[in-house]
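Below are the chains, spelled out letter by letter.
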Amino acid sequence: MTDPRPVPLSVLDLAPVRAGGTGAEALRDAVARAQLVERLGYHRVWFAEHHLAPGVASAAPGVLAALVASATSTIRVGSAAVLLGSTSPVVAAEQFGTVVALHPGRVDLGLGRASFPPPSVAGGADAPAPRRPRSEPTPERVVDGLLVPATPPVSFGEGPLLERILAQHRFVGAGRTPGGFAAELSTVLDVVRGTARTDADRAVSVPAAQGADLALWVLASSGGESARVAGELGLPLGANYHVSPSTVLETVEQYRAAFRPGVLDEPYVVVSADVLAADTAARAHELADPFAEWVLSIRRGEGAIPYPAPGTTTRWEDRPAAERDLVRDRVDTRFVGTPDEVASGLSILARVTGADELLLTTITHDPADTARSYELVAATWPATATPALTPTLATASA
């Protein structure tokens, strides 16, 4: 095994709902899992924001972060990410500032842009959905041992798929029109620093967030506005290899190229990865088999289905070529195998992306298998992997 680059490991949890299970069970499992990964030495645990997905119970990351902070004592808690299409930057700062007040020095507020325009931008419920330009497809390539897959043949930005997603957004009530991303992030900075003003240029006080010992993060899936703005404001970045592996290198490159000292003096990047380790390679691949079906449900715009049990889905080799092409990038870039095999893959990911930290997300049908995976990876990764200090907004210079 290649010696892993000694970067700290953290966890991204979606509170997945398993087939035959309930959302309540998934949420209780997520809290118990956070307690486990704290004992195992993981640095932070973040929760996602997903709505109307039958297989994902993490819809309120601020609430989950608060519950987990109360059930743990040292691990950092946060969001990956609060979406600014449904929550204003002020409300997000108030929510996480409230958690900080009771759990200082442990809270991360990760923000992401809205993935799709809200109904007001789309022209209302009866207007046709706006078309979003497709990004240029890129071919598969291997960069210094890291698989960077081809752009998948899927577009969420047009046609019936977008119409369905916008209808879901209207149902959730995600109807705010976000401002420019740089302005939204600056609002959080101003709120915490006590310098916030309304658009009428009136000073405002936000007691729940002002002076909060809070770390602000930006989450990005491409080398576009999010990565650039994170760099320009000197904020730490979360880059998605697990969601969009074909664009991760461009995401990190754009961030580093745009970086100017701000909250941070130097760039800091956490890179996410899908991971599944088991005691044997055969067992790991058996547990991993339902992943293709789960990703397929997401790519088709249905929302993640409850996670299937092994042996209940179509085998990869028996799937139609069109289905394999739709999810191949996610399946091929998931690190699956023995602890040594997974650690070797993570080492390559850290080296090629220059990650300062890795964010692992593991989903199986049985929560015990997920727990075992985190145990095996933690036992194999170097115990000397200590995190760099990430300044909070309260300690950084204005």
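Note that the structure is a prediction, hence the values are computed from the model and not measured. (Residues numbered from 1 in each chain as written. Predicted model: local features only at pLDDT ≥ 70, side-chain atom pairs only at ≥ 80, totals over all residues. Heavy atoms only, no water.)

Caption draft 1: Quick peek at the environment of L64. Secondary-structure assignment places L64 in helix α2 (residues 61-71). Along the sequence, L64 and G78 sit 14 residues apart, while their C-alpha atoms lie 8.5 Å from each other. Apart from residues no more than four positions distant in its own chain, L64 is found in contact with L27, V31, F47 and S58. (Helix = DSSP H or I, 4+ residues; strand = E, 2+ residues; numbered from the N terminus. Contact = heavy atoms within 4.5 Å.)

Caption draft 2: Structural context of unusual backbone geometry. Omega for the peptide link from A80 to A81 comes to 5°, which places this bond in the cis form. When you line up the elements, A81 lands in the loop between β3 (76-79) and β4 (82-83). The phi torsion at A15 lies on the positive side, around 50°, for a residue other than glycine. Its identity is not glycine, yet D144 carries a phi of approximately 50°, on the positive side.

Caption draft 3: Representation of helix α6 (residues 181-193). Relative to the 18 Å expected for 13 residues at 1.5 Å per residue, α6 spans 19 Å between its end C-alpha atoms, a close match to the ideal helical length. Those residues of α6 lying buried are F181, E184, L185, V188, L189, V191 and V192. An end-on view of α6 places all buried positions within 165° of arc, on one side of the element. Contact partners of the buried residues in α6: α3 (89-102), β5 (107-112), β8 (214-220) and α7 (225-232). Downstream of α6 by a residue or two, G194 has a phi angle that is positive, lying close to 75°. (Expected span 1.5 Å × (residues − 1). Buried < 20%, exposed > 50% of the residue type's maximum accessible area, 1.4 Å probe, protein only. Arc of directions from axis to C-beta.)

Caption draft 4: Region of interest: the packing of helix α12 (residues 339-353) against helix α13 (residues 367-380). Where α12 meets α13, the closest approach of the two axes is 9 Å, and the angle between their N-to-C directions is 70°. It follows that α12 is roughly perpendicular to α13 by the angle criterion. Crossing geometry of α12 relative to α13 is assigned as right-handed. Where α12 abuts α13, its residues P339, D340, V342, A343 and L346 lie against L376, V377 and T380. Looking at the contact of α12 with α13, its residues break down into six nonpolar, one polar and one charged. (Axes fitted to C-alpha atoms, helices over the stretch in contact; angles between N-to-C directions. Parallel < 35°, antiparallel > 145°, perpendicular 65-115°, else oblique. Left-handed = near helix turned anticlockwise from the far one by under 90°. Nonpolar A, V, L, I, M, F, W, Y, C, P; charged D, E, K, R; others polar.)

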